[in-house]
Amino acid sequence: MRKAMLITVGTGRNREDIAEGIVFSIKRENPEFLCFFVTPKSNKETLPLIVNKLGINKGTYRVIEHEEADDIQELYMHYDGVLRDIINEGFSPEEIVIDYTSGTKSMSAALFAVGIAREVGAVTYISGKRDDSGRVIQGTEKQVSPNITMLRMAIKLDRFSKLFNSYQFEACMSLLSEFEKKISQETVKEKLAFLESLTRAYMLWDRFDTEGSLKELTELSRRNEGLLRELEIKGQLDRNKELLYREKQSKYSVERIVDLFKNAERRFEEGKYDDAVARLYRTIEYMAQVRLFTNHNGIETGDLDMDRLREKLDEATIKELEKKRSEGKVKVGLVDSFFLLYKLGDEMGRRFFNEFNDSNSELKKYINLRNQSILAHGFTPIGREGAEKLKGIVESYLNDFFPSWKQIEQKARFPKIRDVRWI
């Protein structure tokens, strides 16, 4: 692909010194396209020297003159527009080199910043032995190219922390993958692999793959204790593992109730209220399933043992439940699960049915929000207020019937990582 080079041009001490440095840089890069950013003075006094030394003709380079040489914000916007135009002309950002050796400090800083933002292939400047005035002595020039990939990575890793802490795990993975093939330093590659594994662990958990997450977190603890401590998340990660291990032992547990509730809270934080309500609805249903299984001799709503239930329930209730039979099994959903609890004399079932059948109760209204959502059976979008109301209802049931949830809740929180500064 064609290489382009963008250069800031100043006046220097005697014009000749600047021209020599820039020509040296251009010859090193050997670009097919040149763009010079000049002031009226450098355009008149320095650029002709560069053109003559290179032996190039008009039409083979572009000159962008700007009178304002010290307003970095104005320069940034101007240079950014020019660079975007050059990219639109068919030059790949990876094949663009920026030289910021000369020009005013604002000119150099603005073009450097534009290059980083637009992810150009390289930025360079000319260095060498300096005289008493601090200027590079002609004949000692050498080109210096900072590791732009590492610079970009340092900037983007700050964004990584913000994405991770707001549960944008796919975006985190995409960001990390940008550097996977560009980094050669083994220590840095190991740290990027650590961040990738950390992200994958919580992405799996957020998608309810608790077993996959536990496996990933266990491996992280085994191999990366030092990095976990540096990010100050080792303690929380250990608590997370404890909760996931408990969930692995039984599909009916208070830990899993809290896990569902925290998943709903994360969707709420993101403003995904339909998703939050769908998860809150499932949390309520699952509370009934846990209660039936743990307090009533292993009753499972996906396949009711009707023979056992006939010993405990009246005939009318049995007939109602039998209406739910399909493909040889009696399966019940949220409302019928609480109906069964109610008929078994369970206090949580009694409270639910009293509230559900009370015309002034908000329980039925906000449970039905889920059914009206596009994610269930309806077409009505759910707003913050409705999701918040249902969240409060779920929390009140947790407080009254699963009081240990507050201690467990600490184990279900996702860690918040501080800025990743050690790359």
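See above for the structure.
Residues numbered from 1 in each chain as written. Predicted model: local features only at pLDDT ≥ 70, side-chain atom pairs only at ≥ 80, totals over all residues. Heavy atoms only, no water.

**Describing the pattern of salt bridges**
What counts here: A side-chain nitrogen of Lys or Arg and a carboxyl oxygen of Asp or Glu constitute a salt bridge if their distance falls within 4 Å. The secondary structure listing takes helices from DSSP runs of H or I that are at least 4 residues long and strands from runs of E that are at least 2 residues long, numbered from the N terminus. Here the term buried applies to any residue with accessible area under 20% of the maximum for its type, exposed to any over 50%, and partly exposed to those in between, with areas from a 1.4 Å probe on protein chains only.
This model, assessed by the stated rule, comprises 41 salt bridges. In this structure, the salt-bridge partner of Asp238 is Lys234, at a minimum N-O distance of 2.8 Å. Within this pair, Asp238 and its partner Lys234 are both found in helix 11 (residues 234-249), separated by four residues, close to a single helical turn. Assessed through its relative accessible area of 18%, Lys234 is described here as buried. Ionic pairing is found between Lys324 and Asp336, a salt bridge with its closest N-O pair at 3.1 Å.

**Notes on the environment of Gly115**
Formally: The contact criterion used is simple: two residues touch if any of their non-hydrogen atoms lie within 4.5 Å.
With respect to the secondary-structure elements, Gly115 resides in helix 5 (residues 105-117). Taking the C-alpha atoms as reference points, Gly115 and Val97, separated by 18 residues in sequence, lie 8.3 Å from one another. What Gly115 contacts, discounting residues up to four positions off in sequence, is Ile98 and Val120.

**Comments concerning the pairing of strand 1 (residues 4-8)**
The line we're drawing: At least two DSSP bridges between two strands are required for those strands to pair. Note on handedness: a clockwise path from strand one over the helix to strand two, with the strands aimed away from the viewer, defines a right-handed crossover.
Within strand 1, five of the five residues are buried, leaving the element largely enclosed by the surrounding structure. Alignment of strand 1 against strand 2 (residues 33-38), held across five bridges, turns out to be parallel. Looking across to strand 2, one finds that Ala4 is bridged to Phe33. Note on the crossover from strand 1 through helix 1 (residues 16-29) to strand 2: the handedness is right-handed. Bridge count for strand 1 against strand 4 (residues 96-99) is four bridges, and the pairing is parallel. Each residue of the ladder has a partner; that of Ala4, found in strand 4, is Ile96.

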